[in-house]
Amino acid sequence: MSSETTTKTPEAAAVPPPGTASPKKRAVLGHRRLLTRRDRITLGLMAGVPTILHVALVWLTALASIALAFTTWDGIGFGSIKWVGLDNFRELFTSNPQFWPAVEHNVVWFVVLILIPTPFGLFLAVQLDKQIRFSRVYQTAFFLPVVVSMAVIGFVWQLVYNPDTGLINSLIGANEPGHYIDWIGDPDLNLWAILIAASWRHAGYMMILYLAGLKGVDPSLREASALDGANEWQTFKNVVFPTLRPTNTVVLVVTIIEALRAFDLVFVFNKGAQGTELLSILVTNNIIGESSRIGYGSAIAVVLLVISLVVIIPYLIATFRKERSA
């Protein structure tokens, strides 16, 4: 038997096999594939279009509202804009009979949301955190109103509150002539009726927030509390609830924002009339209503913006401080 020994020169060994590219060329080609003109255009559109829309629809409109708050304008031609200084705010605080009731209703909205659906959402979250049977079904059922449009919720509750064929009047026997209860038209009842619908939605929102917070609680804390002889309520009060402090902060901020931005339900029910005035309703009625007092409506929007910033800025400062300390 004979064996053939083939020797390769360094030049021959350096030559790559036919049909393959050198590592240097592959790197260059790969780099080019990642930075092609088409890719750059795609990335530019993906980042640029949302940025432009955000700046145009949020920041520019906010700055325009602040500027228009010191003017009077009927919306017809930019030449009709006239500078009035603080006259809009002076009239708003002293001469508008709807402003202070609207502020009061926004405060009532917040108080009701923080006292009724928020604790109820916490209760639901605690129960679902116990891994009971069909917990996923319950989560879906309670969270479903959150993903449904507020306008749709308003239409549904309009059917519930209907004086003639509504569910509530049918159950209590108030759907007969002479015994009707007008839940929407009665100024003493309509705000509370709307708040029930808002609470129905808000409870599911709070349930999800608290459920996420409960999932982050260290199980060893509960085990240590049980070993110390604490019952379930004592464990929740002294161990679990204090660890939910970050969640409670988020819940508080979210509830305040929900109370300030309340608009859809009220507008669907009765467009903010007959004792359901809100700041957002006043802004809408003055800017796009029949009066077209855009400067005056912008002044109300600025007041609403200032109230929102008073709540949001401390929350952001506390969040940034916590991230820096971590």
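That block above? That's the structure.
Small disclaimer: the values here were computed from a predicted structure and weren't measured.

K.L.:
If you had to explain the overall build of the chain to someone new, which residues and values would you point to?
P.N.:
Scanning the chain from terminus to terminus reveals 16 helices and two strands. Within the chain, buried positions represent 32% of all 326 residues. Surface summary for the chain: the accessible area is close to 20,900 Å², and the carbon and sulfur share equals 66%.

K.L.:
Describe empty space enclosed by the protein, and please don't skip the residues or the numbers.
P.N.:
The final tally for this structure, using the stated rule, is one cavity of 30 Å³ or more. The computed volume of the largest cavity comes to approximately 110 Å³. Lining the largest cavity we find Trp109, Leu113, Met150, Ala198, Arg201, His202, Glu258, Arg261, Ala262, Phe263 and Asp264. For the lining of the largest cavity, the secondary-structure elements that each account for two or more residues are α5 (99–115) and α10 (190–215). When residues of the lining of the largest cavity are assigned to their parent elements, the largest contribution, three residues, is made by α10. Of the residues in the lining of the largest cavity, the class split is six nonpolar, one polar and four charged.

K.L.:
I'd like a description of the packing of helix α13 (residues 245–260) against helix α16 (residues 294–325), backed by residues and values.
P.N.:
Running from N to C, α13 and α16 cross one another at 165°; their axes reach a closest spacing of 10 Å. Taken together, the axes of α13 and α16 lie roughly antiparallel to each other. As α13 runs across α16, the sense of the crossing is left-handed. Of α16, the residues touching α13 (which contributes Pro246, Thr249, Val250, Val253, Ile256, Ile257 and Leu260) are Leu304, Ile307, Ser308, Val311, Ile312, Tyr315 and Lys322.

K.L.:
Can you explain the layout of surface pockets? Please cite residues and give values.
P.N.:
Once rolled over the atoms, a probe with the size of a water molecule shows which space is left empty. Taken as a whole, the largest pocket spans an internal volume of roughly 540 Å³. If you trace the largest pocket, you find 18 residues lining it, with Val58, Ala62, Ala301, Leu304 and Leu305 closest to the centre. Among the secondary structure elements, those contributing two or more residues to the lining of the largest pocket are α3 (37–68), α15 (279–287) and α16. In terms of residues, the lining of the largest pocket owes the most to one element, α3, which gives nine residues. A class-by-class count of the residues in the lining of the largest pocket yields 12 nonpolar, six polar and no charged.

K.L.:
Could you give me a rundown of the side chain of Glu277, with the residues and numbers involved?
P.N.:
Turning to its location among the elements, Glu277 is positioned in the loop between α14 (264–270) and α15. One buried charged side chain, Glu277, makes no salt bridge at all; its nearest oppositely charged neighbour is Lys271, positioned 15 Å away. If we skip the residues at most four places from it in the chain, Glu277 touches Gln98, Pro101, Ala102, His105 and Gly272.

K.L.:
Would you mind going over the packing of aromatic side chains in detail, with residue names and values included?
P.N.:
On inspection of all chains with the given rule, the structure shows 14 aromatic pairs. Centre to centre, the rings of Trp157 and Tyr161 are 5.5 Å apart; their planes meet at 40°, and the pair counts as tilted. For the pair shown, Trp157 and Tyr161 are each scored as buried. Three or more aromatic residues joined by ring pairs make a cluster, and in this case those are Trp157, Tyr161, Trp183, Trp200 and Phe269. Of note, Arg293 hangs over the ring of Tyr296, and the distance from its end group to the ring centre comes to 4.1 Å.

K.L.:
Tell me about the nonpolar core, and please be specific about residues and values.
P.N.:
Core analysis: the largest hydrophobic core is formed by 23 residues, its most contacted members being Trp109, Trp157, Tyr161, Leu265 and Phe269. Of all the secondary structure elements, the ones that give two or more residues to this core are α5, α8 (150–160), α10 and α14. The element best represented in this core is α10, accounting for six residues. Counting residues in hydrophobic clusters, the runner-up holds 17 residues, among them Leu260, Leu282, Val283 and Ile300.

The rules behind each value
- The residue count restarts for each chain, going from 1 along the sequence in the order it is written.
- Given that this is a predicted model, residues contribute local features only at a pLDDT of at least 70 and side-chain atom pairs are listed and counted only at 80 or more, while totals for whole chains, interfaces and linings are drawn from all residues.
- Computation of side-chain values: all heavy atoms of the structure, hydrogens and water removed.
- Counting from the N terminus, the helices are DSSP H or I runs at least four residues long and the strands are E runs at least two residues long.
- Accessible area is worked out with a 1.4 Å probe on protein chains only. A residue is then buried under 20% of its type maximum, exposed over 50%, and partly exposed in between.
- Here the Shrake-Rupley method, with its probe set to 1.4 Å, supplies the accessible areas, and only the displayed protein chains count as covering residues.
- Cavities and pockets were defined on a 1 Å grid built over protein atoms only: a cavity is a set of grid points that admits a 1.4 Å probe from which the probe cannot escape, a pocket is an open set flanked by protein on both sides within 12 Å along at least five of seven lines, and lining residues are those with an atom within 4 Å of any such point.
- Grid points are joined across faces, edges and corners, and a volume is the space filled by probe spheres set on the points.
- Each residue gets one label: Ala, Val, Leu, Ile, Met, Phe, Trp, Tyr, Cys and Pro are nonpolar, Asp, Glu, Lys and Arg are charged, and the others, such as Gly, are polar.
- All axes are obtained by fitting lines to C-alpha atoms, using only the stretch in contact for helices, and the reported angles, taken between N-to-C directions, cover 0 to 180 degrees.
- Angular relationships are summarised with four words: roughly parallel below 35 degrees, roughly antiparallel beyond 145, roughly perpendicular across 65 to 115, and oblique for the angles in between.
- If you view the pair so one helix is near and one far, a crossing is left-handed when the near helix is turned anticlockwise from the far one by less than a right angle, and right-handed when it is turned clockwise.
- Contact between two residues is taken to exist if any of their heavy atoms lie within 4.5 Å; hydrogens are not considered.
- Charge counting treats Lys and Arg as positive and Asp and Glu as negative, with His and both chain ends excluded.
- The working definition used for a salt bridge is a side-chain nitrogen of Lys or Arg within 4 Å of a carboxyl oxygen of Asp or Glu.
- Pairing of aromatic side chains here covers Phe, Tyr and the six-membered ring of Trp, requires ring centres within 6.5 Å, and sorts the geometry by plane angle: under 30 degrees stacked, over 60 edge-to-face, intermediate tilted.
- Charges are assigned to positions over rings by a cutoff of 6 Å between ring centre and Lys NZ or Arg CZ, combined with an angular limit of 35 degrees from the ring normal.
- Nonpolar cores are built from buried Ala, Val, Leu, Ile, Met, Phe, Trp, Tyr and Cys residues. Side-chain atoms within 4.5 Å join them into one set.

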